[in-house]
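Each chain, written out:
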Amino acid sequence: MTRRAAERQLLANVRARMGTDAARRLRRLRARLWLRRAIRGATVTAAATLGAVALVQLLARSVALEAAPLIDLAVAALALLAWLAWCAIRRPTLDETARRSDDELGLRERLATSVELTAMDAPAGQAGELVELQLCDARARLAAVDERRAFRPSVAPRPAMLAVGALAFVALLTVWPNPQDGVIADRRAARNAAQDVANRVEEIANRAERPGEADDPRRQALIDELRNLVRQLRAQRDDRQAALARIGSVQEQLARMADQQASQRDAALTRLAQQISQAATGEDANPQGETEHAARDLEQLGERAATIDQPTARQRATALRDAAAEATASHPDLARALSAAADALEQAARSGSSQDARQAQQALDAAAAALRSGEQDRQLQRDVARAQSALQDGSRQVARAGQAAAGASGEPAASGQPAASGQPGGSGQPGASGQPGSSGQPGSSGQPGGSGQPESSGQTGSSGQPGGSGQPGGSGQPGASGQPGGQPGGQPGGQPGGQPGGQPGGQPGGQPGGQPGGGGGTTVHRIPGGGLRTGSFNGPTQGNKPFTEGTDSFYAPFDRFGRPGDPSYVAGQGGGGGQEKPGSQTGSGFDNGSVVPYRSVFNSFLNFANNQLDNQQVPITLKDFVRDYFSRLEPTS
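Fair warning: this is a prediction, and the values are worked out from it, not measured in the lab.

Here the focus is the overall build of the protein chain. Helix and strand counts for the protein chain stand at 18 helices and two strands. Here the analysis covers contacts within the protein chain between residues at least 6 apart in sequence; of these, 77% occur between residues at least 24 apart. If you sum the accessible surface of the protein chain, you get close to 34,900 Å²; carbon and sulfur atoms cover 53% of it.

The next subject is unusual backbone geometry. For Glu109, which is not glycine, the phi torsion reads 60° and is therefore positive. Inspection of the secondary structure puts Glu109 in the loop between helix 4 (94-105) and helix 5 (110-118). Positive phi, normally seen in glycine, also occurs at Phe151, with a value near 55°. Of note, Phe151 is situated in the loop between helix 6 (126-144) and helix 7 (157-175). You can call Phe151 buried: its relative accessible area is 1%.

Our next topic: the pattern of salt bridges. Within this structure, the stated rule accounts for 30 salt bridges. With a shortest N-O distance of 3.1 Å, Arg30 and Glu7 are connected by a salt bridge. Taken as a pair, Arg30 in helix 2 (residues 20-62) and Glu7 in helix 1 (residues 3-17) lie far apart in primary sequence, 23 residues in all. The exposure classification of Arg30 matches that of Glu7, with both residues buried. Between Glu292 and Arg372 there is a salt bridge, with its nearest N and O atoms 3.1 Å apart. Here Glu292, found in helix 12 (residues 291-303), pairs with Arg372, found in helix 15 (residues 354-400); they are 80 residues apart in sequence, far enough to count as distant. Judged by its relative accessible area of 36%, Glu292 falls in the partly exposed class. A single salt-bridge network, built from bridges that share partners, covers Asp21, Arg24, Arg25, Arg28 and Glu147.

So, on to the environment of Ser249. Within the element layout of this structure, Ser249 appears in helix 10 (residues 240-257). For Ser249, a relative accessible area of 25% gives the class partly exposed. Residues Ser249 and Glu225, spaced 24 residues apart in sequence, show a C-alpha to C-alpha distance of 9.8 Å.

This brings us to the nonpolar core. With 35 residues, the main nonpolar core has Ile276, Leu298, Leu320, Leu334 and Leu338 as its most contacted residues. Residue assignment for this core shows that the elements contributing at least two residues are helix 11 (262-281), helix 12, helix 13 (310-327), helix 14 (332-351) and helix 15. With ten residues, the top contributor of residues to this core is helix 14. The residues contacting Leu334, other than those within four sequence positions of it, are Leu269, Leu272, Ile276, Ala367, Ala370 and Leu371. Within the second largest apolar cluster, 24 residues are counted, among which are Leu10, Ala23, Leu105 and Leu142.

Turning next to the environment of Ala74. For Ala74, the position within the fold is in helix 3 (residues 68-89). The spacing of Ala74 and Val53 is 21 residues in sequence and 9.8 Å in space, taken between C-alpha atoms.

This next bit is on the confidence of the model for the protein chain. Segments scoring low in pLDDT should not have their predicted coordinates read at a detailed level. Summing up the model confidence of the protein chain, the mean pLDDT is 73 and the portion of residues at 70 or higher is 67%. Here strand 2 (residues 531-532) is the element of the protein chain with the lowest mean pLDDT, 38, and helix 3 is the one with the highest, 94. For the stretch residues 404-543, pLDDT sits under 50, and the model shows 263 contacts to residues farther than four places along the chain or on other chains.

Another point: a nonpolar patch on the surface. Residues Leu55, Leu58, Phe169, Leu172 and Trp176 make up a contiguous nonpolar surface patch of roughly 540 Å² in combined accessible area. Breaking the nonpolar patch down by element, the ones donating at least two residues are helix 2 and helix 7. With respect to the secondary-structure elements, Phe169 resides in helix 7. Judged by its relative accessible area of 32%, Phe169 is partly exposed.

Right, let's get into helix 10. In an α-helix, one full turn covers 3.6 residues, which means residues spaced three or four apart are oriented alike. End to end, helix 10 covers 26 Å across 18 residues, agreeing with the expected 26 Å (1.5 Å per residue, within 8%). Within helix 10, the full set of buried residues consists of Arg240, Ala242, Ala243, Arg246, Ile247, Val250 and Leu254. Each buried residue of helix 10 sits inside an arc of 165° when the element is viewed along its axis, so together they form one side. What points out from helix 10, more than 90 degrees from its buried face, is the exposed set Gln241 and Arg256.

Cut-offs used in this document
Residues numbered from 1 in each chain as written. Predicted model: local features only at pLDDT ≥ 70, side-chain atom pairs only at ≥ 80, totals over all residues. Heavy atoms only, no water. Helix = DSSP H or I, 4+ residues; strand = E, 2+ residues; numbered from the N terminus. Contact = heavy atoms within 4.5 Å. Areas by Shrake-Rupley, 256 points an atom, 1.4 Å probe, with all protein chains shown as cover. Buried < 20%, exposed > 50% of the residue type's maximum accessible area, 1.4 Å probe, protein only. Salt bridge = Lys/Arg side-chain N within 4 Å of Asp/Glu carboxyl O. Core = buried A, V, L, I, M, F, W, Y, C linked by side-chain atoms within 4.5 Å. pLDDT = per-residue confidence, 0-100. Patch = residues over 30% accessible without salt bridge, like charges linked within 9 Å, V, L, I, M, F, W, Y side chains within 5 Å. Expected span 1.5 Å × (residues − 1). Arc of directions from axis to C-beta.

Okay, here's the thing in structure tokens:
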């Protein structure tokens, strides 16, 4: 008989000999005893579990243990299962409950004896009367006691203290920063980057599988390399160095498969398709330069070879020879096929025989096949370039995954960088909008005006007048156009130094310095960070031009200054040309207001560059340079 069956039989005997109330009370005592055991077992289990979790946390701080949370959960789950199993095994029996109840309630073994008597057959005679008296006494005492005093829940003191200490230690380790978190984050980022690269490479491999080109060994080799890379990236996704090494090896294979002249051949094939269609049809029937369209035109020309008259055939043959000459450098096989087709077409028209017409048709079909072969080569090179671009991006993504982003160093400078010789802006690079420029510094060839101008009157010659050439333009920085007239250096470096100094010197020298600069520094319409350039350069750029009668329509007060050629009389004492002093006056700038946000302009240029990179318009050796250039220009906020 099993234990459970024996328990059921014993409970039935107690119910029959001692009554239903006694059996119910005995079952409640067993439940309370079981609960206390479970609580004490839970205390011990909690102490052991928290200790194990603390050990895992300590281990996670010495090594990069990415699975530490999962291990903690596994430990807790195992501990819970072990506690449940222990509770099931330690479920008290009715005999054990009766013995423990006698001790707990002070029944002096009445209950345990009565339970044992119920399991035996009732004896006859006086012994039977004694058994009944014993059972009645136990039943009465059991009904009189308070069951709540028995088996009150309690915890083991030492395991409870260990559990509290372990819990506090785990809480401290949880709050305290883990030095391995950075390593784990870096590893996780590298794994995610490798997975992303694998997905992109797999997509490219799927696109490279073309139904009509399954027998091309080069294309099959490309697909095999890409699929092997996908499998290895997914298998070694945690190993950054292994992933980079594998990507590098595939890049070497693709470099051997790539044609260095692919972009030139691509463009040449498009032009050839247009030219071949025009040669075959006599009209501009293929403006987009589609090779399949051109191949069909050649085939249709071959079908009409027997019916074309001699002048038309000669015209078509000449156009095909021109196309062959165009294709000689980029597609020699196609050039030979076109030349042979032109000869065969002209021969068929000249002879008029059906055999020559069939040969012409075969030659034109061969030219169409050569054109399709060139298109297959172009598509293969595009797939190779697409794979190379994806691998370059992927290697950079894997290498930089988890690393801190680069700072804002390397961002483009402001729009006022000095331009070429003769252009304004050589007086310094402007800072933020509204900073004053220093256009009063003397230029490289800006010699002072001729001697003879009086220095005491503060008047200067023409070369000493303040120029607007050093003022940076649309960035909103002020020019120093209000520098005193005695400052000679405001002209751009490209002006000749031998300018006459005989102009009247009555120009005021105390003009305010807050006049806005008219431009300079650059002629670019869009500049990163500055929006649209709205300024324009108002100063001279090629020196003073000689006066010509009848060409100036602006206001010229000849009565005040005299006509050209008249002698000028300037009052004052002649000097040696005056002392050169660079201007230092500054004025408050103004903000011209950028009308286009920098981010939107940057995204437009970035999208255009990415399209060119994907379409193989940029050499493979310069793609990294282009990407790095735009990464440095990328807005940081």
